[in-house]
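# What the coordinates show
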Amino acid sequence: ANSVILSFNSPVISHLTGTLHLTSVDMLEFEREAVQLFVEAAYSGTVEGLTRALFRDINKICKVFKVDWMLNKCLEFFTTEAETVKTASYSDLLFLFEEAAYIVEMQKSRDLVEVALKRIEVLQYKKQFIDQYLENVDRLSTVKLDLVIELAGSEVNYIVQTLTNQLTHQMRVQGPPISVNSRYILDNSCLHLCKKSNRELFENLFSILEDLSADLDTMRWVLQLHKKADLEQQEELPSTSTALVPSPRNNKIPNLYHNMNMEMSYDQFVNWLCTSGDITNVLLALEAVNTWCRYQYKTHGSFSSKSQLNTLLERITGMMNTQGWLKLPYSLRFDGWGTWGRGTMSRCCVSEGEKCGYVEVDCIDTCDKPLTFLSGEGTLIFHFKPPGVTTCEQSGHCGFILKTIPSAGKLRTLELCTDTKDYDNTSVHFHDSIRAENMHIICYDSNCYSRSISWFGGLHSGLETSDEFKWWNDNYFTFPSFKWKILYLI
């Protein structure tokens, strides 16, 4: 190649040939096709023929020899490649991500980062990309891990979910230790955002980390990681020096009156169960199956087949792993659910003696049928000392009261009483740290069978008829007396 032409394009080559009087330039580290394209581009002023396979070497040659106009052409090519990805494809997005990571790692340049990350975000493929990319987390460089963290942004749950799944599998297969890269990505992720948006997932992660802590140093690291998340969460709170109006509490019990199409076929129900945004924990999933199956009995005279029910249970346990749902208390494995019978709940519950993210809080009173109770005025009293309260100087039991509140629907909502007047002349007193959003209410008949009230959105809204209401009250809640229980997320 003519050194004059090359020197005109590159100040580096100009220095090598003009000042140092070199007659050749060693380019053996680059692919032959890339070098040929570089020379042709120097003559023609275009980079026609640039492909994904040659992109990395061409970009590197331009960087090494400081050919700025050709670097700009490489950026244009990369941007065009990104824009041609119209539907989410892991292989296409992997090319963009890997090339962006490469120039950060090798050239200390972020020229391609925004283009790559923005394309993944535009295609709404963050979660799937992170999940697949982190399959080989231990083989990734810290630069690539940093870019994964940057890609996740505030949606750090995507990282936490993937690592939680991997660590859960590791705990079952091989046990400790926690890998260096897993520790690195957790150290550098904003875990307080996970705690804020999905506390159940956050606590599940730390439960697994504790189980994988085989030595004192690892346990100390886990504790420091948790403390760091707590401190970061506190730093996000508004300054007490600024006069702000506190946001109102939401005292409604959150699991009541979700909507579900009872007329779904089995296949439709399975698909809905695995994709519904309303199902956020394992208990809601189990209750959905129980309620839907009971409706099938009402309309068709029988439940689904045993094999179908086993498939549903398999789907739910699979979702527990992928969604990071907490397991239920050990005692619930012995509950009767009608749909499956006693003892089949073990896969959804912790083992005996194993730490659980929920505590069970029993109501001190019995009541009439749940739908009858929720149709009128009533209260439920629970004895409960909330987490963090070690000593209490008030007389009587720590606890809380739930009361029915009139609503626009046919059934009343159930709300946590926070006014001290509601506790006058009762057997309990209230602590402000008790929160309704941590509660999931269920009821039991006198034969100790669980009865869900989570999926009666149709009854509540009045979409179902009086006959439907009567059928549920008479045939689902068949016993005359019931006890209520709260599963409280700690």
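For the structure, see preceding data.
What you see is a predicted model, and the numbers here were worked out from it, not measured in a lab.

### Examining the overall build of the protein chain
Helix and strand counts for the protein chain come out as 20 helices and eight strands. Looking at the protein chain residue by residue over its 490 residues, the buried ones come to 49%. At a minimum sequence separation of 6, the contacts of the protein chain that also span at least 24 residues come to 71%.

### Here's the deal with the nonpolar core
In terms of nonpolar packing, the biggest core is built from 80 residues, with Phe269, Leu273, Leu328, Phe400, Leu402, Ile441 and Trp484 touching the most fellow members. Ranked by residue count, the leading element in this core is helix α16 (residues 282–300), at ten residues. Discounting chain neighbours no more than four positions away, the residues touching Leu328 are Val282, Leu283, Leu286, Met345, Cys348, Cys349, Val350, Cys356, Tyr358 and Leu487. Ranked by size, the runner-up nonpolar core spans 76 residues in total, among them Ala34, Leu54, Leu191 and Leu225.

### Some remarks on the side chain of Gln161
If you trace the backbone, Gln161 turns up in helix α10 (residues 157–173). The contacts of Gln161, once residues within four sequence positions are left out, are Leu201, Asn321, Thr322, Gln323 and Gly324.

### Some thoughts on the packing of aromatic side chains
Considering all chains together, one arrives at 18 aromatic pairs under this definition. Consider the rings of Tyr266 and Trp292, whose centres lie 6.5 Å apart with planes at 45 degrees: the pair is tilted. Taken as a pair, Tyr266 in helix α15 (residues 266–275) and Trp292 in helix α16 lie far apart in primary sequence, 26 residues in all. Across the pair, exposure class does not vary: Tyr266 and Trp292 are buried alike. Ring geometry for Phe373 versus Trp484: centroids 5.6 Å apart, planes at 50 degrees, classification tilted. Remark: Trp484 occurs in strand β8 (residues 482–489) and Phe373 occurs in helix α18 (residues 370–373); sequence separation between them is 111 residues. By the burial criterion, Phe373 is buried, and Trp484 matches it. In this structure an aromatic cluster arises from ring pairing among Tyr266, Phe269, Trp272, Trp292 and Trp455. Above the ring of Trp221, the side-chain terminus of Arg183 is found at 4.5 Å from the ring centroid.

### Focus on the packing of helix α5 (residues 68–84) against helix α7 (residues 113–122)
At a closest axis distance of 10 Å, the pairing of α5 and α7 adopts a crossing angle of 5 degrees. The angle between α5 and α7 places the two elements in the roughly parallel class. Within the contact between the two elements, α5 uses Phe78, Thr79, Ala82 and Glu83 and α7 uses Val115, Ala116 and Arg119. Taken together, the residues of the contact of α5 with α7 sort by class into four nonpolar, one polar and two charged.

Parameters and conventions
- Residues take numbers from 1 onward in each chain, read along the sequence in its written order.
- Per-residue local features of the predicted model are confined to residues with pLDDT of at least 70, and side-chain atom pairs are confined, for both listing and counting, to 80 or more; whole-chain, interface and lining totals are unaffected and use all residues.
- The side-chain figures draw on all heavy atoms in the structure; neither hydrogens nor water molecules are used.
- The way it works is that DSSP assigns letters per residue, a run of H or I at least four long becomes a helix, a run of E at least two long becomes a strand, and they are numbered from the N terminus.
- For each residue, the accessible area found with a 1.4 Å probe, counting protein chains only, is set against the maximum for its type, and the residue is called buried under 20%, exposed over 50%, and partly exposed in between.
- Two residues form a contact once any of their heavy atoms are found within 4.5 Å.
- Residue types Ala, Val, Leu, Ile, Met, Phe, Trp, Tyr and Cys, when buried and joined through side-chain atoms within 4.5 Å, form a set referred to as a nonpolar core.
- Two rings belonging to Phe, Tyr or Trp (six-membered ring only in the last case) form a pair when the distance between their centres is within 6.5 Å. Interplanar angles under 30 degrees mark stacking, angles over 60 mark edge-to-face geometry, and anything in between is tilted.
- Comment: the charge-over-ring label is applied if NZ (Lys) or CZ (Arg) is within 6 Å of the ring centre and within 35 degrees of the ring normal.
- Each axis is a line fitted through C-alpha atoms, and for a helix only the stretch in contact is used; angles between axes span 0 to 180 degrees, taken between their N-to-C directions.
- Working rule for angles: under 35 degrees goes down as roughly parallel, over 145 as roughly antiparallel, 65 to 115 as roughly perpendicular, anything else as oblique.
- Amino acids are sorted into nonpolar (Ala, Val, Leu, Ile, Met, Phe, Trp, Tyr, Cys and Pro), charged (Asp, Glu, Lys and Arg) and polar (every other residue, Gly among them).

Any link to function would need more than the numbers given here.
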